[in-house]
Structure formats: structure tokens, C-alpha cells
Amino acid sequence: MGELKLCCLGVNHKTAPVEVREKFAFKGEAVESALLKLNSFAGVDECMILSTCNRVEIYFTTRVSAPFKDVYEFLIEEKGASIEEINRFFYRKEGKDAVRHGFYVASSLDSMIVGEPQIVGQFKDAFQTARELGTVGTVLNRFCETALKVSKRVRTETGISRNAVSVSFAAVELARKIFGTLSGKRVAIIGAGEMAELAVKHLVSNGASEVFVVNRTLERAEKLAKEFGGKAFPLTELPTVLELSDIIISSTGAPGYILKPENVIPALEKRKQRPMFLIDIAVPRDIDPALNEVDGLYVYDIDDLQQVVEANIRERLREAEVAKEIIEGYVERFIRWLRELEVAPLIAELKEKAETIRKAELEKRLPALGLTPEQAKEVDNITRIIINKLLHQPITSVKRKATEEETRYHVVQIFKEIFGLGKE
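With an unreviewed UniProt entry as reference, the protein chain is termed Glutamyl-tRNA reductase, source organism Phorcysia thermohydrogeniphila. The annotation that UniProt attaches to the protein chain under Pathway (unreviewed entry) is "Porphyrin-containing compound metabolism; protoporphyrin-IX biosynthesis; 5-aminolevulinate from L-glutamyl-tRNA(Glu): step 1/2."

**Q** Can you help me understand the environment of R55 in this one?
**A** Tracing the sequence through the fold places R55 in strand β3 (residues 55-62). For the pair R55 and K14, spaced 41 residues apart in sequence, the C-alpha separation works out to 9.1 Å. Apart from the residues within four sequence positions on either side, R55 is in contact with V11, N12, H13, R21, L50, Y91, H101, V105, D110, S111 and I119. Within the structure, R55 has its side chain in polar contact with the side chain of E57 (distance 2.9 Å). In this structure the side chain of R55 is engaged in a polar contact, spanning 2.8 Å, whose partner is the side chain of D110.

**Q** It is not clear to me how the side chain of D246 should be interpreted in this structure. Could you clarify?
**A** The topology assignment puts D246 in the loop between α11 (238-244) and β8 (247-251). Owing to a relative accessible area of 8%, D246 belongs among the buried residues under this scheme. Polar side-chain contacts of D246 include one of 2.8 Å to the side chain of R271.

**Q** Looking at this structure, how should I read helix α8 (residues 167-179)?
**A** An α-helix turns once every 3.6 residues. As a result, residues three or four positions apart point the same way. Counted at 1.5 Å a residue, the expected span for α8 with its 13 residues is 18 Å, and the 18 Å between its end C-alpha atoms agrees. Along α8, the residues classified as buried are V167, S168, A170, A171, V172, E173, L174, A175 and F179. On the buried face of α8, the contacting elements are α9 (194-205), β8, β9 (276-280), β10 (297-301) and α13 (302-369).

**Q** When you look at unusual backbone geometry in this model, what are you seeing that I'm missing?
**A** With the exception of glycine, the majority of residues adopt a negative phi angle, and the majority of peptide bonds are in the trans configuration. The peptide bond linking V283 to P284 adopts the cis configuration, its omega dihedral lying at 0°. Mapping P284 onto the fold places it in the loop between β9 and β10. One non-glycine residue, S108, lies in positive phi territory at about 65°. Tracing the backbone shows S108 in the loop between α5 (95-106) and α6 (118-133).

**Q** What's the story with the pattern of salt bridges in this structure? I'm lost.
**A** A side chain with one charge can pair with a side chain of the opposite charge if their charged atoms come near. Enumeration over the complete set of coordinates arrives at 25 salt bridges. Between K23 and E85 there is a salt bridge, with the nearest N and O atoms lying 2.8 Å from each other. With a gap of 62 residues between them, K23 in helix α1 (residues 18-24) and E85 in helix α4 (residues 83-89) connect regions that are remote in the sequence. In this structure, R100 engages D97 in a salt bridge whose closest nitrogen and oxygen atoms are separated by 3.3 Å. Taken together, the residues R100 and D97, both in helix α5 and three residues apart, mark about one turn of the helix. What emerges from the salt-bridge pattern is a single network uniting E355, R358, K359, D380 and R384.

**Q** How should the UniProt feature "site: Important for activity" (unreviewed entry) in the protein chain be read in this particular structure?
**A** UniProt's feature table lists "site: Important for activity" (unreviewed entry) at H101, given in the numbering used throughout. The residue H101 is located in helix α5 in this model. Beyond its immediate chain neighbours, meaning those up to four positions away, H101 contacts C8, R55, E57, Y59, Y91, K93 and D110.

**Q** Explain α5 to me, please; I cannot follow it from the model alone.
**A** In this model, α5 (12 residues) spans 17 Å end to end at C-alpha, consistent with the 16 Å of a helix rising 1.5 Å per residue. Counting buried residues along α5, nine of its 12 residues qualify, which places the element largely inside the surrounding structure. The complete set of buried residues in α5 reads A98, V99, R100, H101, G102, F103, Y104, V105 and A106.

Parameters at a glance
Residues numbered from 1 in each chain as written. Predicted model: local features only at pLDDT ≥ 70, side-chain atom pairs only at ≥ 80, totals over all residues. Heavy atoms only, no water. UniProt positions renumbered as here; feature names shortened; annotations may be inferred. Helix = DSSP H or I, 4+ residues; strand = E, 2+ residues; numbered from the N terminus. Contact = heavy atoms within 4.5 Å. Polar contact = N/O pair within 3.5 Å; in protein donor to acceptor, adjacent residues only side chain to side chain. Buried < 20%, exposed > 50% of the residue type's maximum accessible area, 1.4 Å probe, protein only. Expected span 1.5 Å × (residues − 1). Salt bridge = Lys/Arg side-chain N within 4 Å of Asp/Glu carboxyl O.

Next up, the structure:
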């Protein structure tokens, strides 16, 4: 039997386009049948499949000298893949590299958007499915539980998930800074741009109480207002809507400015200087830049929002470096545990061998000594203590040396030879 390895074979948004990822995806009940089939291969001891829109990864343990051979065969049979495809698009990771990669994935350091929250749930679901099917054993169980623990620490101890990294979320973040809370705030959307709609959804989910929709076509405004449980207005009633609204998102296809000093300032005055947040997601712009100079108005266009997003992404990447330091400690501990696990059967065999010899010698010699039951029990205890003390040092040493890359193979071999262990 060869060395126990944890491996990962995968494809993701960095290595392959969506049409390739789609081909190799496993969905629904297909995951279960695929896991059972993969686990039937002789070279796969334990396995788990993580399949999302951005990645398909197979985590498995093996003791064979060519660890990926059976998994290649599985993909060829299951997905009609070719070796050329696998070599071109898939990454292969073993040992410490596989462990580190898995911890990065669960902590969203390897996601398209660093810090996104969905991946930890997807990782947990993949683990749960494999565990229920019985394709996860001692190693993958420990690996997945550690990965989830790492992910939790990364999210609570770093700012990797803080700060908006999409334009629509950036608008929500800015609105919260301006108003303190979005509870009870009224939102107006002018036009029907997709990004503006998304921003309104986020604002509503974060506490905004009422939505007004203004559009040249009243029918379109009514349809959109219905989605938010809001009110529709024709463009002619824009002054009324401005007066009522705390947050205005404009996304029309108009060639000129829709919101100008002559229609915004009167609305602001009627609001008794209560602030207004104007978000311009249109290109060309809907909001006259001159409004930037007006007290009580907070005006952001698409470039301003993008700058916020880029600054937040940079901040997340800085936090990712802190997260990597946390993860590295867990990688080292897991690898140490895995290597100690490798010698555990040998240690158990040694203890069993010593105990067998001890008992055999006592059974052979005690009757001739004529000891009382109490004396025989004391001799039994003394011999057990002697054996434990004699074995303590070699066992401690081999466990420690088994974790060291340079010495572990030779030390384990010497340990087996000295004590006559591991023989068929």
C-alpha cells in the first residue's frame, strides 16, 4: 500500500469558459450516482464532488502511485471527456496543495468575487451529500469540517466579506452612510434599467419602505411598480415624485439631463432641506453635474459607484492576505494530523504485539511463582507500566518524525523493521 494522499481534480472560472464548466457539472441526483460510481474505482478510497456554476471539483483520497488515473477514467466514462480536455482545463492538486486549495475555496478566497457568501453553503451541501452516501470517511470528514471551521474564522476575523463589490450594492452602502438607516426611506426609480432595478431590490431588502416608478410609458412603470408593491407615475409627475423621495435612481435612455437644478432644487426646498441621494446609472448621464454643488444633495454617477466598488475590492484583497495567514496554520495542522494518521495502524500493531507478548509470558510464568491474587494483579500492573514506558519514547518519536517531509518515509521504514511491523 502506498502513501495516503488527499487530492483535488478541478475546473473553475479561471481555467475554463462556461461551456466547458457546464459539460462537467453535476446537478441534483446526478451528484449521488456519480459519487457512488467514482467511489467504486479501486484507486478512490473516499470522495466528494463540489459542483457550482463557477467550478467542478472532485476531492478524493487514494494510496495508488498514479492518483488521478481512476478519476480521469471516471470523467471519460461519465462526461464523455477526452484526456486532451482534462489536461487543458483541469488543475491537479495533491497533499498540502489540495488541502490549501480546499480551505481557500470554502473561505471564498478562490471565488470570482472574493468574499462572496454562497460558496460556504455550497461546500457544506457537497460535504453533506457525500457523507449521507457514505463516500466520506475519516480523512475527508476531518478535511471538510476543518474547511468549514476555517471559513467561519476567516469571515469573523477579517473584513473579507465587508464592503460592496457590485454597483447596485455600492448604492445601498452609500445610502446607508448618508441616512444612517434605510428604514422608512422612500425610493424613486426613473426609467427601467436592469442595474437600477437591482439597486432598488437591494434598497427594499435593506429596509426602504416605499417605491415610486417614473417612466415615459406608464404601462411599463405600472408593471415595474407591481414587482415592488409600489406606485407608478408618468414622467410629467416627476416634480411630485422628487419631493416625496429620499433616494432617486435614474437610468433612462434620454439624450440629455432628466434631473436638473430647476426641477430638483424646488423639490429639495419643499422637503425643508431633508437630504436627497441621487444615483445616476445612465450612460449618457441623466443628472446634471451642477447638482453636485447643492447642499443637501448627494450625487453619484456610474463612475463614482465603480470607484467605490474598486476601492472595496482592493480592501477585500488586502483582507484576503490576512485570511491566508489564518488558513496556513490550519493547513499545517491538517497535514500533521494526516501524517500521524498514517503511522497510527503501526503504533496500534506495536502496542498489540507488546501486549500479546506480555500476557503470554505472564501466563507462562505466574503459576510457578505461587503468588496470591493480589500479588499477581500487582505484577500484571507493573509489567503493563514497564511496557508503556518502554514504548512511549519510540512512539512519540515516530509520530513526530512522521510529520516531517524529509525524514518521515525512512523513519517509518526503520520503525517497521526494528519492531517487525507491517508484515503481511
